[in-house]
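Report on the structure
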Amino acid sequence: MQFEDSLAFANNLDSEDPLAHMRDAFHIPQIKDSDQNEIYFCGNSLGLQPKLTAQYLHDELNKWQRLGVKGHFDCQYPWMPYHEFLADESANLVGAKATEVVCMNSLTANLHFMMASFYRPTAKKFKVMLEDHAFPSDHYAVESQVKFHGFDPDEAMILLKPRTGEECLHLEDILATIKAHADELALVMLPGVQYYTGQVFDMQVITQVAQKHDIVVGFDLAHAAGNVEMQLHDWGVDFAAWCTYKYLNSGPGSVAGCFIHEKHHDNPDLPRFSGWWGHDKDTRFKMDNQFIPIKSAEGWQLSNPPILSLAAIRASLDTIKQAGGIGELRKKSKQLTAYLRFLLQTRLAEHVDIITPDEALSGCQLSICISSDHKPGKEVFEAIEAAGVTCDWREPDVIRVAPVPLYNSYTDCVKFVDILEASL
Ligand SMILES: *Cc1c(COP(=O)(O)O)cnc(C)c1O
């Protein structure tokens, strides 16, 4: 499509957007002391609240008021199997079977539980490959696992660095690093979408190449779930984990998602850190001490889950389903983000540098650096926030903006670039 830099053109795109009505399914924050909506480009950090959420939470609070403990059984959406109501739609988001996903714990906790099962170092094959600039929590999780197994992190962690002067990683460099360390690598753990640069990784090819060398592959999908399409099952990915409060709009700190490929569901040799909610459902309440894992991702659950948080996830998944699913979101997202990129490049090319790779390798988010002959990027960020934009700043140098197809508009993009231009 031939884009134009004008509010009229953006208005027209909005009027033709089949997902435009979804904006009304969300609460859009307002600028302080005004009745004007913010330009909310921060769904990569905390997604907005669907209007269904309050209703679904109230349903559970009412149930608790009326039924007490009986809310576990004879009612609509009983708590006992509540996590099962999230499985189909969660699976659709990541391209999995319903039996391969479960909502439980938090993201970093799930990475640890997955490594407890799938990071099985031997004296020779004990290394973990991750990014040099991984999200700190992922780095800490890997480092502590490596130490837990008695290895030296300096030796056992292989950190992928971008080429000199570049921000993003080249697929060929990732694959070359895997091959160079193939005999020593036990685990490759990478993001699906990089939090700082917005780069999408080729999960399929990375999985294929690593597994050819007997290396387990896990992905952190914090910035990928609800953002890009995936086929975790077909790609043969061993495990993955994601939070649900970013593109999945389930509220701050909400329960996380986890994927475990079905090839691992019935493997008695896998160690795992177990809890009663992972125990066979038919005999769970016999309360004996013989752990029999459920032969699905549910077998990795520990505790009976926080229902209020799961209710918020169900509201979010239903909202995404109303929009037609991740395929429809991605279709709009490609054009919406391409439009924002076009506006930045036509109007502000001399002033800003977009470090996010081109369309095929990006999702919603664009990561912008302000040219060094301007005021510092941090000051520009503060100025646009004061003018009604919500986005975020990531050290050392980046303003992250994420137009989200569920609730952002083409008009938002033009207004954002107007404000950014005025702030420079
Ligand atoms: C957001 C994010 C996290 C956050 O971890 P929590 O356990 O949910 O606090 C971790 N890793 C990555 C890559 C993230 O983007």
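What counts and how
- Residues numbered from 1 in each chain as written.
- Predicted model: local features only at pLDDT ≥ 70, side-chain atom pairs only at ≥ 80, totals over all residues.
- Heavy atoms only, no water.
- Pairing = 2+ DSSP bridges.
- Helix = DSSP H or I, 4+ residues; strand = E, 2+ residues; numbered from the N terminus.
- Axes fitted to C-alpha atoms, helices over the stretch in contact; angles between N-to-C directions.
- Domains from an automatic or database assignment.
- Contact = heavy atoms within 4.5 Å.
- Buried area = accessible area lost by both parts, 1.4 Å probe.
- Salt bridge = Lys/Arg side-chain N within 4 Å of Asp/Glu carboxyl O.
- Polar contact = N/O pair within 3.5 Å; in protein donor to acceptor, adjacent residues only side chain to side chain.
- Buried < 20%, exposed > 50% of the residue type's maximum accessible area, 1.4 Å probe, protein only.
- Arc of directions from axis to C-beta.
- Near = heavy atom within 4 Å.
- Areas by Shrake-Rupley, 256 points an atom, 1.4 Å probe, with all protein chains shown as cover.
- Patch = residues over 30% accessible without salt bridge, like charges linked within 9 Å, V, L, I, M, F, W, Y side chains within 5 Å.
- Lys, Arg positive; Asp, Glu negative; His and termini not counted.
- Charge placed at Lys NZ, Arg CZ, Asp CG, Glu CD.

What follows is about the sheet that holds strand S12 (residues 366-370). If you walk across this open sheet you meet the 4 strands as S11-S12-S15-S14, and the pairing is antiparallel. Looking at which strands have only one partner, the edges of the open sheet turn out to be strand S11 (352-354) and strand S14 (392-394). Within the sheet, the average angular offset between the axes of one strand and its neighbour, ignoring direction, is 35°. Judged from the 3 bridges that link them, S11 and S12 form a sheet pairing that is antiparallel. By the bridge assignment for S12, Ile354 is matched with Ile368.

The domain boundaries assigned to the chain delineate domain 1 (7-37 + 326-423) and domain 2 (58-322). Here domain 1 and domain 2 have C-alpha centroids that lie 29 Å from each other. Opposite the 26 residues of domain 1 that make contact, domain 2 presents 20 residues. Here domain 1 and domain 2 share an interface that buries about 2000 Å² over both sides, 62% of which is from carbon and sulfur atoms. Counting the contacts that link domain 1 with domain 2 gives 0 salt bridges. Counting every contact that joins domain 1 to domain 2 gives 7 residue pairs in polar contact (both at pLDDT 80 or more).

Scanning all chains against the criterion turns up 20 salt bridges. The partner of Glu84 in a salt bridge is Lys281, with the nearest N and O atoms 2.8 Å apart. Of this pair, Glu84 sits in the loop between helix H2 (51-67) and helix H3 (87-94) while Lys281 is found in the loop between strand S10 (257-260) and helix H10 (307-322), placing the two residues 197 residues apart along the sequence. Relative accessible area serves as the criterion here: at 36%, Glu84 is assigned to the partly exposed category. The exposure class assigned to Lys281 is partly exposed, which follows from its relative accessible area of 35%. The residue Glu421 makes a salt bridge to Arg347 at a minimum N-O spacing of 2.8 Å. Taken as a pair, Glu421 in helix H13 (residues 410-423) and Arg347 in helix H11 (residues 326-348) lie far apart in primary sequence, 74 residues in all.

In this section: the side chain of Arg341. Relative to the helices and strands, Arg341 is located in helix H11. For Arg341, the contacting residues outside a window of four places in its chain are Ile354, Thr356, Pro357, Asp358, Glu359, Ser362 and Leu366.

With that out of the way, let us pick up helix H1 (residues 7-16). One turn of the α-helix equals 3.6 residues, which is why residues spaced by three or four share an orientation. Within the sequence span of H1, burial applies to Phe9, Ala10, Leu13 and Asp14. End-on view of H1: buried residues confined to an arc of 140°, all on one side of the axis. Seen from the buried face of H1, the exposed residues on the opposite side, beyond 90 degrees, are Ala8, Ser15 and Glu16. In the core, the buried residues of H1 are packed alongside H11 and H13.

Turning our eyes to something else, we now look at the site of the ligand. As a structural note, the neighbourhood of the ligand is formed by Leu107, Thr108, Phe135, Asp138, Asp220, Ala222, His223, Tyr245 and Lys246. Take Thr108: an N or O atom from its side chain is 2.6 Å from an oxygen atom of the ligand. In this structure, His223 approaches the ligand through a side-chain N or O atom, which is 3.2 Å from an oxygen atom. Bound to the protein, the ligand loses 83% of the 390 Å² it would expose on its own.

The subject of this paragraph is a negative patch on the surface. Taken together, the side chains of Glu167, Asp353, Glu395 and Asp397 present a region of like negative charge at the surface. Structurally, Asp353 is set in strand S11.

Right, let's talk about the environment of Leu46 for a bit. With respect to the secondary-structure elements, Leu46 resides in the loop between strand S2 (39-40) and strand S3 (49-50). C-alpha separation for the pair Leu46 and Gly327, spaced 281 residues apart in sequence, amounts to 21 Å. When sequence neighbours within four positions are dropped, the list of residues in contact with Leu46 reads Tyr40, Tyr245, Lys246, Gly251 and Pro252.

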